[in-house]
Structures are given as structure tokens and as C-alpha cells.
Amino acid sequence: MEVSENSPLILFFLSVYFLVLAGLGIYYARRSSSTEDFILAGHSLTTPFVAGSVVATWMGGAVILGGATEAFVGGFQAIVWDPWSPVLTLLIVGFFFVGIFRRSRFTTAIDFYNARFNRRIGMTSMAIGMIAYISWISAQLLSLGLIIKVVTGLDTITATFIGSALILSVALIGGLWALSRSDMLAFIILSLVLLLVLPYSLHAVGGLTAFIENAGTRDGAPPFSLFYTSDPNMSGEPHGFAGYLGLLGMFYMLAAWFSIAIGDIGGSVLTARALAAKDEVAATRGFVYGGFIYLVLGMIPVIVGMCAFILYPDLPESDLDNVFPWFVQNHLPSWIVILFFVAVSSAIVSTAGDTILTAGALIGYTAFGVVKPESTDRQRLTVTRIFMVIVTVCSLLFGLALGDLYRLLVFAGAVSFPVLSALSVCGILWRKANVAGAWLSMITGALSWLSFILILLPRVDGEIWDAIYISAVPAFVCSIGAMIIGSLATQRRYPPNPIVDADGNDISDTHLFTWR
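Okay, so let's go over this structure. Predicted, not measured: the structure shown is a model, and the values here were computed from it.

Definitions and limits used
- Residues numbered from 1 in each chain as written.
- Predicted model: local features only at pLDDT ≥ 70, side-chain atom pairs only at ≥ 80, totals over all residues.
- Heavy atoms only, no water.
- Axes fitted to C-alpha atoms, helices over the stretch in contact; angles between N-to-C directions.
- Helix = DSSP H or I, 4+ residues; strand = E, 2+ residues; numbered from the N terminus.
- Parallel < 35°, antiparallel > 145°, perpendicular 65-115°, else oblique.
- Contact = heavy atoms within 4.5 Å.
- Nonpolar A, V, L, I, M, F, W, Y, C, P; charged D, E, K, R; others polar.
- Left-handed = near helix turned anticlockwise from the far one by under 90°.
- Expected span 1.5 Å × (residues − 1).
- Bend = angle between axes of the 7 residues up to and from the residue.
- Polar contact = N/O pair within 3.5 Å; in protein donor to acceptor, adjacent residues only side chain to side chain.
- 1 Å grid on protein atoms, 1.4 Å probe; cavity = no way out; pocket = protein on both sides within 12 Å on 5 of 7 lines; lining within 4 Å.
- Points joined across faces, edges and corners; volume = space filled by probe spheres on them.
- Buried < 20%, exposed > 50% of the residue type's maximum accessible area, 1.4 Å probe, protein only.
- Core = buried A, V, L, I, M, F, W, Y, C linked by side-chain atoms within 4.5 Å.
- Salt bridge = Lys/Arg side-chain N within 4 Å of Asp/Glu carboxyl O.
- Lys, Arg positive; Asp, Glu negative; His and termini not counted.

### Overview of the packing of helix α12 (residues 268-276) against helix α15 (residues 334-371)
So, point 1. α15 packs onto α12 with a crossing angle of 90 degrees between their chain directions and a minimal axis gap of 9 Å. Judged by the inter-axis angle, α12 sits roughly perpendicular to α15. Contacts between α12 and α15 involve S268, V269, A272 and R273 from the first element and D354, T355, T358 and L362 from the second.
So, point 2. Considered class by class, the residues forming the contact of α12 with α15 number 3 nonpolar, 3 polar and 2 charged.

Here is the structure:
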């Protein structure tokens, strides 16, 4: 894709935005006097900041850029993974989990699992979850690299390195104090731009009615189907889900809807927003409001991608990752083009910065505290920052090696779903869940997932990604079953630990939903 004639202006406003972020980092660095302040912003987030933060955290570049591309190719079925599945996550967490997390007053999600089960369970789940975080961060770093490449004309690797350094700098300097403020700024800019883009996109194809009548997809899928369908594809055959029929198609659909929705329930990035809220009410309202806002905003890139297909069905394969920025530059006024690039960049910085901070905190605060309990708060803060750098470098290398924005994003949820979800769900909703059940659940989930992948590979013609997604569903069922059987069979030998707060007080009777 050619660099736009607006590139100098875009680069100027991007520079101004990054300078503002640097200023926020420097200003709020003074408030990060302790590790807890650095990670959780002093438990100070009100409802608007929680809602803005969870939306900005999820609404990263991989969703905006990758979502438009996926919709161009496969319509609504291709984007169930995001935004629909994450919306379910925010609502489920808001209604059933966030109150417990906030009342616990722990610093990270792993602290909670250390207390609910034991430290070995907590550390194991952290290690598995780190794979998901690296994949998630990778998608965001590649997204910002793509934006910088489009604006400056730099090669992909150089652009991605520059973007990664910018994100890391903001996260390192100001912690969650700065990131929560940048989240709100990103949320405002992104909401404004996406709401402006929508009418221009529909106008380009002749209006809403023309959009509905002419909608199509590159792979021939029914454009507006969110579920398994018998509607014909462009070959006249039943489409199923993502081209798979029967049981495979049903499992693929369930994976699309629930791998992120359930897999991220206990994710430390979202849990950090609950822990950083000023109280349970702010946390609950923030997540619920955030879920509905995320759906509205997340569907706009989808519509843009489908509008692009109506106008340019023969777009070269090499340009598919650039569908959204390409469409914006060719069909919207210059001032919206400038705002678009700033908005997408702001969303990426928020998403990646938040996840880098969370990953660094898990290792530098939680894991380091377990290995060296006598460590001082200053030492933990230093180690947290060191591992933020290490996680960023690992994510950068992983992303450049793999290179697929949307698959990186989806893989992050697919890792947790069959292996860790039972710990999150049963750990809070089922009092009989114990350590033995937790171990059996993780082991069974991991082994069954790998086994199903190997079994399914010949049936999906060697499509490894499809095998990974489809296998996650039966593996999750096996994991939940193992948790139930293992816990019930060992109640006397391994009595379940109650849900406790940071001071060791039993909070098992806490209301799951606290609206006011």
C-alpha cells in the first residue's frame, strides 16, 4: 500500500500524541511510590475509568485492523472470536466474578489463585498464561508497526521495533497510573473516530440498504451468519461454520464463541482492572458498561471490512492486512484519516502497555515474591520493570516470526480455554474445588487438547490453526470434568480452601453481583 499524501501531518499528530503519553508517564511516575501503586494505580479507578480502560485494553490494533480483514474474507462468522466473544467475557466477569476479585484486594490474579488453591497451582497457571500474554502483546506490536510502516514508509521490522520501544517507555515510566489515563484518552479518541468512520463507510457503498443487499465475503461464507448455518456458500453447498460441517463445524462455532469468553475470565489483564477499581460497584458497572460499548465499537471495523469487499472484491492478497487503513485513506476526508491513525495507535499503546505491565507484575511481583519472600518493595518494583522489558522483547520476536495479527490475538484466548478456564470458573463458583481437582484439570486439559489436535489434523487437511481451535472445545469439557471428579474424589484428603482476601479473611459469602 502506498504511503498517503497525508503522512507528514499524520506523523506530526502521532508525535504530539506520543509526547503527551510521555508527559503522562513522567507526571504519574511520582505517584508510583510502591509496587502496588505502580501496578494498580492506588485502587483509584472510578466507573468511567474502569469502563474506558477495559474497552481500550481489549480494543487493540489487532481487533481494528485484523477484524476488518477477517470480515472482508469471512463475514460475521470470522469475527465471532472478536468482538463477540470478548463482549461475553466482560459481561460474565462483570456479573459473576469482578466483585470477588475486587473485594479480595490482592495485587495480581495469581495471588488469588495462590490463596484459593496453592502456590504451585498459581505459578503453573502463571507460566501457561504467559504464553497467552506474549501472543496478545505480539499482535499489538505488529499492529503499531504496521501503522508506523504505512505512515513513514519504513520496513516492517524497523517500524515494529520503534513502536515497541514507544509502548514500553510509557508502561515503564508511569505504570497503571499513566496507562489508565492513556486508556481513557484512547477510549475517547477511538470512540469518536469509529463513530465518524461508520456513516462514511456506509455512504461509500450506497447506504445501509445497499450494504445489506450487496454484502458478500471473499471465501463465499454467508455474510451475516454468526452461528452454524445450512445456508449455501458461493459453491451452492451448505456452509456450516468456517466451512466445516457436522460435529467439526459445531465445535468450531463453540470455540469461536467461548474460547475467549471463558478462557479470559481469570486473565490477569482484566483482573487488574477489577483490582484497581475503587470498590466493587465501580468494578461491576465498569465491566458491564464496557461490554456493551465494546460490542458497538468492535463491530464498526467489521462493517468497514465488508464495505471494502463490496467496492473492491478483487483486492490483492498482499493488501488484506491493510484493508482498514487503505479504505480510510481512499474514502474519508483527510482530517478523519489523521484522527484514524492517531486513534488506532492510541488503542494499540493502551492494549499492549496494559498487558506488558500485567505480565511484568506477575513475574516481578508475584513470582519473585514467592521465590524471595524477604525481598523489599523496591526490589520487586525493579524486577517488575526488568521483566516488562524481557516480555516485550520475547513478544516482539514471537510476533515477527509468526506475523498474523488476528491469529495471534485468537491464539491468546485459545491457550487458556482448555487448560486454565476450569480453575477460574470453579475456583470462584464452586466451593468444593480443591488442589487435587485443579492439578487434574490442568493436566487433563493440556493432554486432551494436544491429543485432539493430533487426531483432528488429518480431518482438517492439515490446517493446524483450525485443529487448535476445534480441539479446544472437547479439551475444555475434559478439563471441567477432571476438576469435578478430582475434587469430589479427594475432599477428605485435600479439603478445599475457602475464598479469602489479602488478609486471609473468608469472603466466600460475597455477593457475586454488586450494582449499588
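### Digging into the packing of helix α7 (residues 109-116) against helix α8 (residues 119-152)
So, point 1. Contact geometry for α7 and α8: axes closest at 7 Å, N-to-C directions at 145 degrees. Note on packing geometry: the crossing formed by α7 with α8 is right-handed. Side by side, α7 and α8 meet where I110, Y113 and N114 of the first sit next to R119, G122, M123, S125 and M126 of the second.
So, point 2. Its residues placed into classes, the contact of α7 with α8 shows 4 nonpolar, 3 polar and 1 charged.

### Quick word on helix α20 (residues 464-489)
So, point 1. Counted at 1.5 Å a residue, the expected span for α20 with its 26 residues is 38 Å, and the 36 Å between its end C-alpha atoms agrees.
So, point 2. Along α20, the helix axis deviates most sharply at A472, where the bend reaches about 30 degrees; the proline P474 sits within four residues downstream.

### Points about the environment of N118
So, point 1. As for its placement among the helices and strands, N118 is situated in the loop between α7 and α8.
So, point 2. Sequence spacing of N118 and A438 is 320 residues, and the spatial spacing of their C-alpha atoms is 9.7 Å.
So, point 3. With sequence-adjacent residues up to four places away left out, N118 is seen in contact with Y113, V435 and W439.
So, point 4. Polar contacts involving the side chain of N118 include one to the main-chain amide nitrogen of R120, which spans 3.2 Å.

### Description of empty space enclosed by the protein
Using a probe with the size of a water molecule, rolled over the atoms, empty space left in the structure can be pinpointed.
So, point 1. With the rule as written, the count across this model stands at 2 cavities of 30 Å³ or more.
So, point 2. In this model, the largest cavity occupies a volume close to 330 Å³.
So, point 3. Lining the largest cavity are 24 residues; nearest its centre among them are Y133, D264, G267, S268 and S416.
So, point 4. Elements represented by at least two residues in the lining of the largest cavity include exactly α3 (47-58), α7, α8, α12, α17 (405-419) and α18 (421-429).
So, point 5. Take the lining of the largest cavity: its biggest share by element is 6 residues, from α8.
So, point 6. Across the lining of the largest cavity, the residue classes break down as 13 nonpolar, 10 polar and 1 charged.

### Description of α3
So, point 1. For α3, with 12 residues, the first-to-last C-alpha span of 17 Å sits near the 16 Å given by 1.5 Å per residue.
So, point 2. Most of α3 is tucked away, with 10 of its 12 residues classed as buried.
So, point 3. Those residues of α3 that sit buried are T47, V50, A51, G52, S53, V54, V55, A56, T57 and W58.

### A word on the nonpolar core
So, point 1. Counting 163 residues, the largest nonpolar core has F117, F287, F324 and F340 as its most contacted members.
So, point 2. Among the elements that line this core, the one with the most residues is α15, at 18 residues.

### Side note on the pattern of salt bridges
So, point 1. Tallying each qualifying case throughout the model produces 3 salt bridges.
So, point 2. Between R218 and E317 there is a salt bridge, and its shortest N-O distance comes to 3.6 Å. With R218 in the loop between α10 (208-214) and β1 (229-232) and E317 in the loop between α13 (280-311) and α14 (323-331), this residue pair connects regions lying 99 residues apart in the sequence.
So, point 3. Note on R218: relative accessible area 24%, which makes it partly exposed.
So, point 4. Judged by relative accessible area, E317 falls into the exposed class, the value being 61%.
So, point 5. Sharing partners across several salt bridges, the network here consists of R105, D501 and D503.

### Digging into the side chain of R116
So, point 1. On the secondary structure map, R116 appears in helix α7.
So, point 2. Of the side chains with opposite charge, D506 lies nearest to the buried R116, which makes no salt bridge, at 9.0 Å.
So, point 3. Among the polar contacts listed, one links the side chain of R116 to the backbone oxygen of W430, at a separation of 3.0 Å.
So, point 4. In this structure the side chain of R116 is engaged in a polar contact, spanning 3.0 Å, whose partner is the backbone oxygen of A433.

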